[in-house]
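The primary structure of each chain is shown beneath.
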Amino acid sequence: MLPETTPEDDGTTAPPTPDRPPAARVTLRADLRAALVDASAAVVLTAAVFVFFWARMESGESATVAVMPFMDDPRTYWMYLLSQAFGWSGLLWAWGTVMLGLLLSGPRPARLPVSRQVLERWHRTTSLTTMALMFAHALMFSAELVRYEDQVGWAERLWVGFADAFVPGWYDSGTGRIAIPLGQGALYLAIPLGLLFYVRHRIGANAWRRLHRFVIVVYVLSVWHTLLYGTNVWYGEWPRTVLWLLQLPVAVMLLLRLLRPARRAERLGAPGRCQGGSLPGWGLRAAGRVAAAAVVIGLLAVVASGHDGGRDRLTEPPVSSPHAPETE
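Okay, so let's go over this structure. (Residues numbered from 1 in each chain as written. Predicted model: local features only at pLDDT ≥ 70, side-chain atom pairs only at ≥ 80, totals over all residues. Heavy atoms only, no water.)

## Details of the layout of surface pockets
When its volume is computed, the second largest pocket comes out at roughly 640 Å³. Contributing to the lining of the second largest pocket are 26 residues, with W88, N232, V233, W238 and P239 lying nearest its centre. Of all the secondary structure elements, the ones that give two or more residues to the lining of the second largest pocket are α1 (28-59), α3 (78-105) and α10 (238-259). By residue number, the principal contributor to the lining of the second largest pocket is α10, which donates seven residues. Each residue belonging to the lining of the second largest pocket can be placed in one class, and the counts come to 18 nonpolar, four polar and four charged. (1 Å grid on protein atoms, 1.4 Å probe; cavity = no way out; pocket = protein on both sides within 12 Å on 5 of 7 lines; lining within 4 Å. Points joined across faces, edges and corners; volume = space filled by probe spheres on them. Helix = DSSP H or I, 4+ residues; strand = E, 2+ residues; numbered from the N terminus. Nonpolar A, V, L, I, M, F, W, Y, C, P; charged D, E, K, R; others polar.)

Below, the structure written as structure tokens:
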């Protein structure tokens, strides 16, 4: 979901070749067809995660049940489990597409396992799959809320389910008051930022490139949403540690991408002497590099210290639901 660097983007020109068609030929329809294999793999993984969560709930080992004991019935709450499964698949696909984007837009390795054109296509198709998984995650959460609100009429149930899942600030219970708007923000940013690639020739390559950089914000919001609201990583145990560890390669790749950008115009240089840039622009780029380095150090400190924001398991689990049903 971070931009790949094409010849038009890095200031060079290269004629189309048989193994590199002109950028104008890359269409959303073609990428949607190419994403079928990628999306199928995502569905298989989602099904496997769903079965895993179901089995843990049946065995009494579910962290979700430890947080919300009233959910100790996978046959009733299967839509919630499916929402969780889509969420975890979406986060994994987001991680993969961000890593591909950083690989393509940062320092160029001397050798790649596949051609650059293949990596660019994977980056685009994983981005499309990520958006679909994020939407499915929110949709199944909404469906679960519709099922849950069984004390009011269908019209109100549909509205409550939609509003709680898709309207920022509407969900009014517990951690979800912060975590759900974060997830909604990630979804509502991911779709336009991901699809702008297909109209970049209309808005201009420079405008697209500047906007597309904010995709890293989508990923940060997604991880933040998961750390706050993902009951499977709620407690300070190994699943939460693994989630933190997975962010290290992203942070390191981002730092390398900032320190050694592929485009000459983005290189730092000396203050006031950078190519085509102003002193405030230089300061902003320098601040970005410092911030990325601080994130790497912070992640290392979190993992090494174990202070990762996880909660301790309660000796007596809570007995109330996090969201009281609507009443007429």
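## Points about the pattern of salt bridges
All chains considered together, the criterion is met by six salt bridges. Its salt-bridge partner being R124, residue D31 comes within 2.7 Å of it at the nearest N-O pair. Of the two residues, D31 is situated in helix α1 and R124 in helix α4 (residues 116-148); the sequence distance between them amounts to 93 residues. With respect to burial, D31 and R124 carry one shared label: buried. Between E120 and R116 there is a salt bridge; the shortest N-O distance is 3.4 Å. Remark: R116 and E120 occur in helix α4; sequence separation between them is four residues, near one turn of the helix. (Salt bridge = Lys/Arg side-chain N within 4 Å of Asp/Glu carboxyl O. Buried < 20%, exposed > 50% of the residue type's maximum accessible area, 1.4 Å probe, protein only.)

## Describing the packing of α1 against α4
Between α1 and α4, whose axes approach to 8 Å, the crossing angle comes to 60°. The pairing of α1 with α4 is recorded here as oblique in orientation. Relative to α4, the crossing made by α1 is right-handed. Where α1 approaches α4, its residues L28, D31, L32, A34, A35, D38, A39, A42 and T46 are matched on the opposing element by R121, R124, T125, T126, L128, T129 and L133. Split into classes, the residues belonging to the contact of α1 with α4 amount to eight nonpolar, four polar and four charged. (Axes fitted to C-alpha atoms, helices over the stretch in contact; angles between N-to-C directions. Parallel < 35°, antiparallel > 145°, perpendicular 65-115°, else oblique. Left-handed = near helix turned anticlockwise from the far one by under 90°. Contact = heavy atoms within 4.5 Å.)

## What about the packing of helix α6 (residues 176-195) against helix α9 (residues 215-229)?
Where α6 contacts α9, the axes come no closer than 8 Å and their chain directions differ by 155°. Relative to α9, the element α6 is oriented roughly antiparallel. Note on packing geometry: the crossing formed by α6 with α9 is left-handed. Each of G176, I178, A179, I180, L182, G183, G185, A186, L189, A190 and L193 in α6 lies in contact with α9, whose residues at this interface are V215, V217, V218, L221, S222, W224, H225, L228 and Y229.

## Considerations on the environment of A63
Within the element layout of this structure, A63 appears in helix α2 (residues 63-67). By relative accessible area, A63 is classed as buried at 6%. A63 sits 170 residues away from V233 along the chain, and the two C-alpha atoms are 7.9 Å apart. Excluding its chain neighbours within four sequence positions, the residues that come into contact with A63 are R56, T231, N232, Y235 and R313.

## Describing α9
The end-to-end C-alpha distance of α9 is 21 Å, a good match for the 21 Å that 15 residues give at a rise of 1.5 Å each. Summarising burial for α9: eleven of the 15 residues are buried, a large majority. Looking only at α9, the buried set comprises V215, I216, V218, Y219, L221, S222, V223, H225, T226, L227 and Y229. As for α9, its buried residues are in contact with α3, α4, α6, α8 (205-212) and α10. (Expected span 1.5 Å × (residues − 1).)

## Some points on empty space enclosed by the protein
What the rule picks out here adds up to four cavities of 30 Å³ or more. Its volume calculated, the largest cavity comes out at about 510 Å³. Every residue lining the largest cavity is counted, 26 residues in all, and those nearest its centre are S83, G87, H137, H225 and T226. Partitioned by chemical class, the residues of the lining of the largest cavity number 13 nonpolar, 13 polar and no charged.

## Re the nonpolar core
The biggest cluster of nonpolar side chains holds 32 residues, and the ones touching the most others in it are Y80, M134, F141, V218 and Y229. Mapped onto this core, the elements with two or more residues apiece are α2, α4, α5 (154-166), α6 and α9. Of all the elements, α6 adds the most residues to this core, at seven residues. Not counting the four nearest positions on each side in its chain, M134 is found in contact with A186, L187, A190, V218 and S222. Within the second largest apolar cluster, 21 residues are counted, among which are V98, M99, A251 and V296. (Core = buried A, V, L, I, M, F, W, Y, C linked by side-chain atoms within 4.5 Å.)

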